[in-house]
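One letter stands for each residue in the lines below.
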Amino acid sequence: MAVSTPSSGSVRPGLGRLCRVLSAAALALAVALGGMAFAANNSVQGAKKDDGGYDVDAPTAILVEASTGSVLYEKNADELRAPSSMMKLMTVELVFRALQQGDIKLTDQYQVSENAWRKGGAPAGNSTMFAEIHSRIAVEDLLRGAIVQSGNDACMVFAEALGGGERGFAELLTKRARELGLAKSTFANSNGLPDPGNKMSVRELARLARHLIQTYPEFYKIFGEREFTWNKIRQTNRNPLLTMLDGADGLKTGYTKEGGYGMVGSAVQNGMRLIVVINGVEDIDDRASEAKKLLEWGFRNFESRALFNPQDAVGYAKVFGGESRSVKLTSTEPVRVMVQKNGSDKLIARIVYSGPVRAPIGPGQPIGVIKVWRGGNLAVEMPLQAAEAVATGTTMQRAVDGASELVIGLIRAGVEKL
């Protein structure tokens, strides 16, 4: 079992952030994993995947375990591409949220404008729920039209009702995406029809899918519905995984000439839910088969291991001006990570916080995060909090801490000039 501390080169100068691997946390983690190697490595943050020899043909792909957000596989996961109809997930998130907050009701009815009918309905020749011009449709039916039938017209009706039109609705989508931590996604319309302004990565699509599953379980069930009939026209769900893989229950496919074929899928087997996203595939059949194979590989090769239980001491953060020089850090939730069943994974953990933390500190005060890498993948990131209170120290203690930080600052400044 190897334990090493990252050099100062692993932290970008000028950010004032401390990134430490603590010996106690390293020891606890290694024991929890039965002696699995545990080491800090400055190159890990630049790595993009550790797939144990597995690969997919899709240009961009990611596989995520839903409960922890642990990344099991990734390939060009941050590359921005046209999301096509997969972007509709952002539209339905906005509707789900409005329903959850009580701003709208499932029984509310919105009118189908000539614009929505002509550009998103039957005359357009694209995916549609076949909404009739000037008809009024309940929110509940529009949701099924957007999700099950991938109706562009349904999404445009939502855009006009909630955002005043495509441009205003796209601004709402971008604002909401930033609130969800989707920092790179951009939107130009409600439905993913070709536009240079529509860009998402498979990583952010996976994060969005995970959010939908965890936040809106009562609405998420719609994604698993096999068919929907509107205007006397029956359409089956466009997601092929629903009939190809046991436990599959979502989410969305997409295609444009610019983006290629893509899919956001999810399935549950033996109590474990995985989320897969691929994009840029050239063949429609390959899209389904690649997504299915990646999910099956994940279910076959990974299992969940507990690293720390709630309230376990994960590590300690340095304190400035306190009666104690450090504060114990804990997590309110179990810190779990997905590891390969064959036990070949090497885990790397770092506790990241802005510090030293200035006293006084209250119990439960957010301090930082623990990040655990499995090979080159960031497997899990969990917030940490102070387990105890630390009162302000004496004048002498504060003076000593101040002098210590001054010396450290001078040393850092000298190193940066070298």
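Keep in mind it's a predicted model, so treat the numbers as computed, not measured.

Asks: I'd like to hear about unusual backbone geometry, residue by residue, with values.
Replies: Between Gly-250 and the following residue, Leu-251, the backbone shows a cis peptide bond with an omega angle of 10°. Secondary-structure assignment places Leu-251 in strand E8 (residues 248–256). Going from Ala-359 to Pro-360, the amide bond is cis rather than trans, its omega being 5°. Among the secondary structure elements, Pro-360 is positioned in the loop between strand E16 (357–358) and strand E17 (366–374). Phi is positive for Asn-231, which is not a glycine, with a value near 55°. Looking at the secondary structure, you find Asn-231 in the loop between strand E6 (227–230) and strand E7 (233–236). For Gln-311, which is not a glycine, the phi torsion comes out positive at approximately 75°. Along the chain, the position of Gln-311 falls in the loop between strand E11 (302–308) and strand E12 (315–320).

Asks: How would you explain the UniProt feature "active site" (unreviewed entry) in the chain if you had to name every residue and give the values?
Replies: Mapped onto the present numbering, the UniProt feature "active site" (unreviewed entry) falls on Ser-85, Lys-88 and Ser-150. Maximum C-alpha separation among the annotated residues is 7.9 Å over a sequence range of 66 residues, consistent with a single clustered spot. Note on Ser-85: relative accessible area 12%, which makes it buried. Setting aside residues no more than four positions away along its own chain, Ser-85 makes contact with Ser-127, Ser-150, Asn-191, Lys-252, Thr-253, Gly-254 and Tyr-255. Contacts of Lys-88, omitting those with residues within four sequence positions, involve Ser-127, Ala-146, Ser-150, Gly-151, Asn-152, Cys-155, Ser-190, Asn-191 and Lys-252.

Asks: Describe the side chain of Ser-84, and please don't skip the residues or the numbers.
Replies: Tracing the sequence through the fold places Ser-84 in the loop between strand E3 (71–75) and helix H2 (88–100). The contacts of Ser-84, once residues within four sequence positions are left out, are Asn-191, Gly-192, Gly-254, Tyr-255, Thr-256 and Gly-260.

Asks: Please provide a residue-by-residue account of the packing of aromatic side chains, values included.
Replies: The full count for this structure, using the stated rule, is 11 aromatic pairs. The interplanar angle of 80° and the centroid separation of 6.0 Å between the aromatic rings of Tyr-54 and Tyr-73 together place this pair among those described as edge-to-face. In this pair, Tyr-54 is assigned in the loop between helix H1 (23–32) and strand E2 (60–65) and Tyr-73 in strand E3, connecting sequence segments 19 residues apart. Look at Phe-228 and Trp-230: their rings are 6.3 Å apart centre to centre, the planes differ by 15°, and that puts the pair in the stacked class. Taken together through their ring pairs, the aromatic side chains of Phe-96, Tyr-216, Phe-219, Tyr-220 and Phe-223 make up a single cluster. Between Arg-350 and the ring centre of Trp-373, over which it is positioned, the NZ or CZ distance is 5.4 Å.

Asks: I'd like to hear about the side chain of Ser-266, residue by residue, with values.
Replies: Within the secondary structure layout, Ser-266 lies in strand E9 (residues 260–269). Of the residues examined, Ser-266 reaches a relative accessible area of 0% and is grouped as buried.

Asks: Summarise the nonpolar core; cite the residues concerned and give the values.
Replies: Judged by nonpolar contacts, the single largest core of 58 residues is most densely connected at Phe-96, Leu-143, Phe-223 and Leu-251. For this core, the secondary-structure elements that each account for two or more residues are E2, H2, helix H4 (139–147), helix H5 (152–163), helix H6 (166–179), helix H7 (202–215), helix H8 (217–220) and strand E10 (272–281). The residues touching Phe-96, leaving out its near neighbours within four places in the chain, are Leu-143, Ile-147, Leu-212, Tyr-216, Phe-219 and Phe-223. Judged by nonpolar contacts, the second largest core, of 26 residues, contains Ala-317, Val-337, Met-382 and Ala-386.

Asks: Which residues make up the packing of H2 against H4, and what are the values?
Replies: Two numbers describe how H2 lies on H4: the axes approach to 10 Å, and their chain directions differ by 160°. If you check the angle between H2 and H4, you find them roughly antiparallel. Note on packing geometry: the crossing formed by H2 with H4 is left-handed. Along its contact with H2, which presents Lys-88, Val-92, Val-95, Phe-96 and Leu-99, the element H4 presents Val-139, Leu-143, Ala-146 and Ile-147. Its residues assigned to classes, the contact of H2 with H4 shows 8 nonpolar, no polar and 1 charged.

Asks: Residue-level account of the sheet that holds E10, with values.
Replies: What links the strands of a sheet is backbone hydrogen bonding, and the strands pair in either a parallel or an antiparallel sense. An order of E3-E2-E10-E9-E8 is seen for the 5 strands of this open sheet, with the pairing classed as antiparallel. Pairing within the sheet leaves two strands with one partner each, and these edge strands are E3 and E8. On average, adjacent strands in this sheet sit at an angle of 5° to one another, irrespective of strand direction. In this structure, E2 lies alongside E3, joined through 4 bridges in antiparallel fashion. Counterpart to Ala-61 in the pairing with E3 is Lys-75. Contacts from helix H10 (residues 284–301) reach E2, E3, E8, E9 and E10, with the element oriented near 150° to E10.

Asks: I'd like to hear about the pattern of salt bridges, residue by residue, with values.
Replies: Under the definition given, this model contains 17 salt bridges. In this structure, Lys-105 and Asp-108 form a salt bridge, with 3.4 Å as the shortest nitrogen-oxygen distance. Its salt-bridge partner being Glu-290, residue Lys-293 comes within 3.0 Å of it at the nearest N-O pair. A residue pair is termed a helical-turn pair when its members lie 3 or 4 positions apart in one helix, as Lys-293 and Glu-290 do in helix H10 at 3 residues. Classification of Glu-290 as buried rests on a relative accessible area of 5%.

Asks: Any chance you could break down the UniProt feature "binding site: substrate" (unreviewed entry) in the chain for me, citing the residues and the numbers?
Replies: UniProt records the feature "binding site: substrate" (unreviewed entry) for Lys-252 in the present numbering. Structurally, Lys-252 can be placed in strand E8. Assessed through its relative accessible area of 3%, Lys-252 is described here as buried. When neighbours within four sequence positions are excluded, Lys-252 is seen to be in contact with Ser-85, Met-86, Lys-88, Leu-89, Ala-146, Ile-147, Ser-150, Met-263 and Val-264. A distance of 2.7 Å separates a polar atom in the side chain of Lys-252 from a polar atom in the side chain of Ser-150.

Asks: Run through the environment of Asn-270, naming residues and quoting values.
Replies: Counting through the fold element by element, Asn-270 comes out in the loop between E9 and E10. Accessibility expressed as a relative area gives 86% for Asn-270, which makes it exposed. Spatially, the C-alpha atom of Asn-270 lies 9.2 Å from that of Gly-247, the residues being 23 residues apart in sequence.

Parameters and conventions
- Residues numbered from 1 in each chain as written.
- Predicted model: local features only at pLDDT ≥ 70, side-chain atom pairs only at ≥ 80, totals over all residues.
- Heavy atoms only, no water.
- Helix = DSSP H or I, 4+ residues; strand = E, 2+ residues; numbered from the N terminus.
- UniProt positions renumbered as here; feature names shortened; annotations may be inferred.
- Buried < 20%, exposed > 50% of the residue type's maximum accessible area, 1.4 Å probe, protein only.
- Contact = heavy atoms within 4.5 Å.
- Phe/Tyr/Trp six-rings, centres within 6.5 Å; stacked < 30°, edge-to-face > 60°.
- Lys NZ or Arg CZ within 6 Å of the ring centre and 35° of its normal.
- Core = buried A, V, L, I, M, F, W, Y, C linked by side-chain atoms within 4.5 Å.
- Axes fitted to C-alpha atoms, helices over the stretch in contact; angles between N-to-C directions.
- Parallel < 35°, antiparallel > 145°, perpendicular 65-115°, else oblique.
- Left-handed = near helix turned anticlockwise from the far one by under 90°.
- Nonpolar A, V, L, I, M, F, W, Y, C, P; charged D, E, K, R; others polar.
- Pairing = 2+ DSSP bridges.
- Salt bridge = Lys/Arg side-chain N within 4 Å of Asp/Glu carboxyl O.
- Polar contact = N/O pair within 3.5 Å; in protein donor to acceptor, adjacent residues only side chain to side chain.

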